[in-house]
Each structure stands twice: as C-alpha cells, then as structure tokens.
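Summary of structural features
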Amino acid sequence: MRAPFVLSGSNKPGGVPSGAAGGLVVIPAGRARSNHAEVARRLGTAIIAGRYPAGARLPGDGELLAAFGVSRPVLRESVKTLAAKGLLTTKARVGTVVRERAAWNMFDADVLAWHLEAGIDRRFLRDLAEIRLAVEPAAAALAAERRGPADLVALEAGLARMRDEASDSAGFAEGDLALHVAIAVASGNPFMRSIGGVIEVALRASFQLSAPVEAAEREATLTAHAAIVAAIADRDPAGAAEAVRRVIHNGLRRHGAAA
C-alpha cells in the first residue's frame, strides 16, 4: 500500500528542531545545496525515521512533485540518489519501494547525517562506537608504525586547536575531527581514510549531545587525545591503539550509552 507524503517533523522546510523526543535526539543537518539534494535529504530522513517502512511504496510522482514544488527531472534525480545509497528500489508495475535497512549504505556520509536528523538513540551511538572500535585502534597502530613528519604536524595541529578552543565550540569539534582524520591518513591505508565519514558523524553526534564542558571532563578528553598523539609519535602501536579505545569508551560513558 502506498503511503501519503506528509510534511511533518524533519520534512518541514526550514530545518528540524533539535532536542529529545521519545528517547531520540535530533541533530539538524541544514538545507542541502541543490534542489535534488534537498529532496533526497527530506525523503531520506523520512525513510530513516520510519514514516516509510521497508516494503512501503512511495507516493506517486504527482503527489511528491506537489509536496516538494520541484520539477520531474529533479524528483527523478533525487530518487536515483536514494537508490544508489540503498534506500530505494524501483520495480516495474510496482513503483518506488523502500528497501530493508540491511541494504542501506551506512558508510555513506549522507545516510549517516540523515540518521542524526531523523533522531538517534543510545543504540545508534553504540553501533557507531562498535565500528569505530573495530577500525580506529588498528588505524592508530598502523599510524604509529608508518607516520611521517607531516603526519605528526597534522596530529599536533588538531590537538592544539582542541586546547585553544572552548569545549562547546565548533572549533573544538573541528580540532577533534582533524586529529582523528590525521590518524587515518597516517595509517597509510586508503580504506582507513574512507571510513572518515563514520568518524565525522560520530564526533558530530558526540559534540552535539555532550561536549566535555566540565573542567574535569575537558581535561580528561584533552589528556586522552594527547596520549594518542604521544603514542604515535613514540612509534608505540599497542599504546596508540589502547589510547584510541579509551577515547571512544569515554565518549560512550559521557553520553550514557556505554554497555
């Protein structure tokens, strides 16, 4: 059965209110840069939020065109985008159907961002942390073995920005992200670098939900990140891996999502 399209919640033009609702925390992504990307964002967020469950058919083109106020080519491009990300499939004589969650490309930066916008819970945070724990300690260990002078400069720059910025500022979050991306780059493995989208979304969620503003939390966060940089600089793979694990577990604890 085909569900009607309703402009509500994260589908409303002008963004999404942030806050807790039903155990979820909503983190607005902001309007996309092009019409087709904006339509894809709003449809994708609606799918992820469950307004169109797996197996549901999207409304017909006429209804969607009226709801979004875009041309047919823009709508078709948006549907193609969502199909490429694994959220939709088009079937002859059936229409456009939502795919099961297992088919979604969870490493896609847009899909991850749309999850934040649709609303995240503790389970989502744990899922993110588990994939980070599977990859980032290994990246840090490789970075300790392979890092060069430029990598150390990038790591120190990220840490320095964290130290210079207020804990609840965008600059602090950007420094944190820059440090973690520098670890992936220093690993010398392009697959490690490609997982940067997951790291970015995890850190964005972490920053939005619970920045380490208390003096003790700020100091603990800076100390833990400094330990990563020191271990990589000292060419200590085991120490670097363990330092990254501590950072990820500390983030989970701060958000109340630790197992």
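Every chain's residues receive numbers from 1 upward, in the order its sequence appears when written. Note on the predicted model: pLDDT of at least 70 is required for a residue's local features to be given, and 80 or more for side-chain atom pairs to be given and counted; whole-chain, interface and lining totals, by contrast, use all residues. By convention in this description, side-chain values take in all heavy atoms of the structure and omit both hydrogens and water.

Looking at the nonpolar core
Inclusion rule: Definition used in this section: a nonpolar core is a set of buried Ala, Val, Leu, Ile, Met, Phe, Trp, Tyr and Cys residues joined via side-chain atoms within 4.5 Å. Burial status follows relative accessibility: with a 1.4 Å probe on protein chains alone, a residue under 20% of its type maximum counts as buried, one over 50% as exposed, and anything between as partly exposed. Secondary structure counts use DSSP, requiring at least four H or I residues in a row for a helix and at least two E residues in a row for a strand, with both numbered from the N terminus.
The biggest cluster of nonpolar side chains holds 42 residues, and the ones touching the most others in it are Leu128, Leu155, Leu179, Ile183, Ile228 and Ile232. Elements that contribute at least two residues to this core include exactly α4 (109-118), α5 (122-146), α6 (149-164), α7 (170-186), α9 (196-209), α10 (215-233) and α11 (237-254). The dominant element in this core, judged by the number of residues it contributes, is α5, at 10 residues.

Remarks on the confidence of the model for the protein chain
Worth spelling out the cut-off: Residue-level confidence of the predictor is what pLDDT reports, using numbers from 0 through 100. Contacts are assigned to residue pairs that have any heavy atoms within 4.5 Å of one another.
Scored by pLDDT, the protein chain has a mean of 86; 86% of the residues are at 70 or more. Of all helices and strands in the protein chain, the one with the weakest mean pLDDT is strand β1 (residues 19-21) (41), whereas α6 scores best (98). In this model, residues 7-22 is a region of pLDDT below 50 whose contacts with residues beyond four sequence positions or in other chains number 26 contacts.

Side note on the packing of α7 against α10
Heads up, the rule is: Where helices are involved, their axes are fitted lines through C-alpha atoms of the stretch in contact, as for all axes, and angles between N-to-C directions lie from 0 to 180°. Here roughly perpendicular refers to angles of 65 to 115 degrees, roughly parallel to angles under 35, roughly antiparallel to angles over 145, and oblique to all remaining angles. Working rule for handedness: look at the near helix, and if it is turned counterclockwise from the far one by less than a right angle, call the crossing left-handed; if clockwise, right-handed. Throughout, the ten residues Ala, Val, Leu, Ile, Met, Phe, Trp, Tyr, Cys and Pro are labelled nonpolar, Asp, Glu, Lys and Arg are labelled charged, and all others, Gly among them, are labelled polar.
In contact at an axis separation of 11 Å, α7 and α10 are set at 25° when each is read in the N-to-C sense. Judged by the inter-axis angle, α7 sits roughly parallel to α10. Where α7 crosses over α10, the handedness of that crossing is left-handed. Two secondary-structure elements touch here, α7 through Phe172, Asp176, Leu179, His180 and Ile183 and α10 through Arg218, Thr221, Leu222, His225, Ile228, Val229 and Ile232. In terms of residue class, the contact of α7 with α10 is made up of 7 nonpolar, 3 polar and 2 charged.

Observations regarding the side chain of aspartate 108
Heads up, the rule is: The term polar contact refers here to a pair of N or O atoms within 3.5 Å; inside protein, the definition further demands a hydrogen-donor-capable atom paired with an acceptor-capable atom, and it admits residues adjacent in sequence only when both atoms are side-chain atoms.
Note that aspartate 108 resides in the loop between β4 (95-98) and α4. For aspartate 108, the side chain forms a polar contact with the main-chain nitrogen of valine 111, separated by 3.1 Å.

Details of the environment of methionine 162
Mapped onto the secondary structure, methionine 162 falls in helix α6. Given the relative accessible area of 0%, methionine 162 is considered buried. For the pair methionine 162 and leucine 222, spaced 60 residues apart in the sequence, the C-alpha separation amounts to 7.4 Å. If sequence neighbours within four positions are ignored, methionine 162 has contacts with Phe172, Gly175, Asp176, Leu179, Arg218, Thr221, Leu222 and His225.

A closer look at a positive patch on the surface
Applied cut-off: In this analysis, a patch consists of residues with relative accessible area above 30% that form no salt bridge, clustered at 9 Å for like charges and at 5 Å for the nonpolar side chains Val, Leu, Ile, Met, Phe, Trp and Tyr. With residues, only the protein chains shown are counted as cover, and all accessible areas are computed by Shrake-Rupley using a 1.4 Å probe. Salt bridges are identified by distance alone: a Lys or Arg side-chain nitrogen within 4 Å of an Asp or Glu carboxyl oxygen. The positive count covers Lys and Arg only, the negative count covers Asp and Glu only, and His and the chain ends enter neither. For this purpose, a charge sits on NZ of Lys, CZ of Arg, CG of Asp or CD of Glu.
Taken together, Arg101, Arg122, Arg123 and Arg126 make up a surface patch of like positive charges. In this structure, arginine 126 sits in helix α5.

Quick look at the pattern of salt bridges
The final tally for this structure, using the stated rule, is 10 salt bridges. Put simply, lysine 85 and aspartate 110 hold a salt bridge, and the shortest N to O gap is 3.0 Å. Linking lysine 85 in the loop between α3 (72-84) and β3 (88-91) with aspartate 110 in helix α4, this pair joins segments that are 25 residues apart in sequence. For lysine 85, a relative accessible area of 11% gives the class buried. Among the residues examined, aspartate 110 registers a relative accessible area of 36% and is labelled partly exposed.

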